[in-house]
Amino acid sequence: RWLFNQAVCTLYAFCGVLFGLCSLTSLTVLSTVCCLKVCYPAYGRCWDTLSDLCLHPSLLMLFYFYGPDPPLLGNLYPRATYSHYGPEPYGTACCITWDASSREATLYILALFIFCYLLPCLLILVSYSLILWTVRVSRRAVRQH
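Predicted model only: the values in this text are computed from it and were never measured.

(A) Fine view of the UniProt feature "transmembrane region" (unreviewed entry) in the protein. In this numbering, the UniProt entry assigns the feature "transmembrane region" (unreviewed entry) to residues 12-38 and 107-135. Across residues 12-38, helical content stands at 100% and strand content at 0%; the span's end C-alpha atoms are separated by 39 Å.

Structural data, given as structure tokens:
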């Protein structure tokens, strides 16, 4: 059983979703920038200046607040009709209630999974695969000369 009230549970779960999205999105941006700098150096140079680096936090915040669910904070603080935060089965933590009983809740969870987990993970995988492929091709070119 959750020891605190619903407000603390909501805040706890909100912070968990927020920091999880921040972490994965930051890793996605880093892998994409690395891929651009290694695989496409002409395009990667646009990230060299300090003014361009200042765009990262603002772009990340736009994604956080206007992610898969269009309303402000929609992907962090789900609407009551879509889903809500609640204690986990053993009561040790709070998170999004995954027991989707309505169609809207199921669609919300699928959108969260696809846009906030699956697509960033695929982008990270593609970015690092392109980096490895570029290194392999350049190593072969160096061996031939």
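(B) Local environment of helix 5 (residues 103-144). Taking 1.5 Å of rise per residue, 42 residues should cover 62 Å, and helix 5 covers 59 Å from first to last C-alpha, within 8% of that figure. Residue Ile114 marks the point of greatest curvature in helix 5, where the axis turns by about 30 degrees. Every buried residue of helix 5 is listed here: Ala105, Tyr108, Ile109, Ala111, Leu112, Cys116, Pro120, Ile124, Ser127 and Ile131.

(C) A look at the confidence of the model for the protein. Taken as a whole, the protein shows an average pLDDT of 76; of its residues, 72% reach a score of 70 or greater. Here helix 3 (residues 50-53) stands out as the element of the protein with the lowest mean pLDDT, 48, in contrast to helix 5, whose mean of 90 is the highest. Taken together, the stretch residues 68-77 has pLDDT below 50 and engages in 36 contacts with residues farther than four places along the chain or on a different chain.

(D) Representation of the state of the cysteines in the model. Inspection of the entire model under this criterion finds one disulfide. Covalently, Cys9 is tied to Cys94 through a disulfide, its sulfur atoms 1.9 Å apart. Here Cys9 and Cys94 share a disulfide; its torsion about the S-S bond, -115 degrees, makes the bridge left-handed. Of the two residues, Cys9 sits in helix 1 (residues 6-39) while Cys94 sits in strand 2 (residues 94-96), which places them 85 residues apart along the sequence.

(E) Structural context of the nonpolar core. Val17, Tyr85, Cys94, Ile96, Tyr108 and Leu112 are the most contacted members of the largest nonpolar core, which has 15 residues in total. Elements with a minimum of two residues in this core: helix 1, strand 2 and helix 5. Sort the elements by how many residues they give to this core and helix 1 lands first, with seven residues.

The rules behind these values
- Residues numbered from 1 in each chain as written.
- Predicted model: local features only at pLDDT ≥ 70, side-chain atom pairs only at ≥ 80, totals over all residues.
- Heavy atoms only, no water.
- UniProt positions renumbered as here; feature names shortened; annotations may be inferred.
- Helix = DSSP H or I, 4+ residues; strand = E, 2+ residues; numbered from the N terminus.
- Expected span 1.5 Å × (residues − 1).
- Bend = angle between axes of the 7 residues up to and from the residue.
- Buried < 20%, exposed > 50% of the residue type's maximum accessible area, 1.4 Å probe, protein only.
- pLDDT = per-residue confidence, 0-100.
- Contact = heavy atoms within 4.5 Å.
- Disulfide = S-S within 2.5 Å.
- Core = buried A, V, L, I, M, F, W, Y, C linked by side-chain atoms within 4.5 Å.

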